[in-house]
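So the chains spell out like this:
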Protein chains: 2
Amino acid sequence: MLRLAYKSLPICFMRFVALTFIMLSKKCKYAIHALVHLAEKYNQGPVQIQEISDKKHIPKKFLEAILLELRHAKILQSKKGKGGGYYLYRKPEEVNLVEVIRLMDGALAMLPCVSIHYYEHCEECRNEKTCGIRDSFIDVRDETLRILSRSTLAQITKRERQLAESAKPRK
Amino acid sequence: MLRLAYKSLPICFMRFVALTFIMLSKKCKYAIHALVHLAEKYNQGPVQIQEISDKKHIPKKFLEAILLELRHAKILQSKKGKGGGYYLYRKPEEVNLVEVIRLMDGALAMLPCVSIHYYEHCEECRNEKTCGIRDSFIDVRDETLRILSRSTLAQITKRERQLAESAKPRK
DNA sequence: TTAAAGTCTATAAATTCAATAGAGTTTATA
DNA sequence: TATAAACTCTATTGAATTTATAGACTTTAA
């Protein structure tokens with residue numbers, strides 16, 4: 001994720017460094033927003049890429065590729081030809097953020113050596129058994145998984161309706 | 001963080017894509033490992049860059065820049081000239097992973113719109129007040145902060161000693 | 001005075017991210 | 001059955017970031 005946050009540091013190559021954040025990629029954010037849009041339109045027929053692109057301000061060509069990937073993962077289904085478009089392949093309750101993030105960005109863990117799906121041996125610690133750093137990141141991973149697996153498209157759209165309701169001016 | 005995990009996908013530009021993970025950068029991992037090493041040698045005089053580089057398998061020149069940055073953040077102190085090196089500026093109890101990660105990689109939050117230190121308005125959701133996506137990521141952020149702020153260098157080295165002890169063969 | 005060790009500026013190579021171009025295929029419907 | 005709408009797929013590009021290296025400079029102990 002690119003984001004310019006200028007730091008004044010004496011080291012040349014770090015002086016006007018754009019801080020990279022440990023954040024979701026744009027691709028992943030786009031995917032989530034597109035899915036939420038489709039969840040709102042669940043059971044209302046196919047939605048065109050152009051509509052999602054317009055509503056969520058996502059570059060159309062980039063969105064095409066993202067939706068295609070979601071279709072291959074059997075999260076979305078599409079209908080080709082005139083009157084076609086994309087729609088959810090499963091119920092909104094059955095799609096959670098863990099699956100979407102893993103598909104788009106890969107591991108949820110902050111270190112490869114604590115990742116469940118993308119595990120990789122850590123170069124720096126000689127002995128994983130006695131590495132005191134891993135524990136904290138295992139805890140973070142588990143909490144993240146717990147929270148994001150509860151966040152389904154159904155839960156998100158429900159929450160949006162609640163927030164919209166409470167934001168309305170009272171009679 | 002670069003890591004090659006090949007996916008077989010029909011889309012050309014995503015076929016042999018190297019999955020990017022939402023992970024700590026190498027720079028940040030190196031920083032943590034270097035700090036743990038210095039915490040182990042707390043109050044034992046300056047430790048040379050070369051020693052840390054050798055022990056933790058970190059490229060020396062890269063490590064130099066990292067240690068310098070940690071010194072500017074008043075986490076480390078250095079001694080120049082012969083017999084010089086780096087040592088902790090504060091007690092190991094007073095350096096936690098939140099500070100180190102924020103310094104090296106920036107925000108801990110997974111989305112700019114839920115970040116405390118690097119907040120940025122979200123382009124995709126028109127109205128932040130009624131966005132149903134933010135809540136989950138606020139929860140993740142808070143749990144991550146809670147866990148990593150408890151992870152101090154003192155806690156990590158203590159844990160390493162415990163693990164080393166329990167890994168020993170019984171008499 | 002000299003060797004050891006950190007400081008600093010500059011640059012390079014590899015990789016990733018985000019986006020775009022354009023031809024091809026499928027389908028509803030006039 | 002022709003046509004326009006809409007998804008599918010391959011390919012490529014440009015910019016930015018990450019990681020690493022080169023080399024001159026400064027400080028200090030002995």
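One structure accompanies this document, and this report is about it. It should be emphasised that the depicted structure is a prediction, and the values quoted were computed from it without experimental measurement. (Residues numbered from 1 in each chain as written. Chains lettered and ligands numbered in written order. Predicted model: local features only at pLDDT ≥ 70, side-chain atom pairs only at ≥ 80, totals over all residues. Heavy atoms only, no water.)

Considering the overall build of chain A
So the rule is basically this: Helical segments are the DSSP runs of H or I of at least four residues, strand segments are the runs of E of at least two, and each set is numbered from the N terminus. Remark: exposure states derive from per-residue accessible area (1.4 Å probe, protein chains only) relative to the maximum for the residue type, with buried under 20%, exposed over 50%, and partly exposed in between. Whether two residues touch is decided by their heavy atoms; if any such pair falls within 4.5 Å, the residues are in contact. Here, Shrake-Rupley sampling with a 1.4 Å probe gives the accessible areas, and only protein chains in the shown set may cover a residue.
Helices and strands together make up the secondary structure of chain A, namely 7 helices and 2 strands. Mapped in sequence order, the helices and strands of chain A form the string α-α-α-α-β-β-α-α-α. Burial statistics for chain A: of 171 residues in total, 53% are counted as buried. In chain A, the proportion of contacts linking residues at least 24 apart, taken out of those at least 6 apart, comes to 52%. Taken as a whole, chain A presents about 8900 Å² of accessible surface, with 52% of it coming from carbon and sulfur.

Regarding the packing of helix α2 (residues 26-40) of chain A against helix α7 (residues 153-167) of chain A
Residue and element names in this part refer to chain A. Put simply, the test is: Note on method: axes are straight lines fitted to C-alpha atoms, helices fitted across the in-contact stretch only, with angles between N-to-C directions ranging 0 to 180 degrees. In these notes the angle categories are as follows: under 35 degrees is roughly parallel, over 145 is roughly antiparallel, 65 to 115 is roughly perpendicular, and the rest is oblique. Lys, Arg, Asp and Glu make up the charged group, whereas Ala, Val, Leu, Ile, Met, Phe, Trp, Tyr, Cys and Pro make up the nonpolar group; the residues left over, Gly among them, are polar.
The interhelical angle for the contact between α2 and α7, taken along N-to-C directions, is 75 degrees, at an axis separation of 9 Å. With respect to α7, the element α2 is oriented roughly perpendicular. For the pair α2 and α7, contact is made by Leu35, Val36, Ala39 and Glu40 and by Leu153, Ile156, Thr157 and Glu160, respectively. In terms of residue class, the contact of α2 with α7 is built from 5 nonpolar, 1 polar and 2 charged.

Quick look at unusual backbone geometry
Here the phi dihedral of Lys74 of chain A falls at roughly 60 degrees; this positive angle occurs in a residue that is not glycine. By the element assignment, Lys74 of chain A lies in the loop between α4 (60-72) and β1 (76-79).

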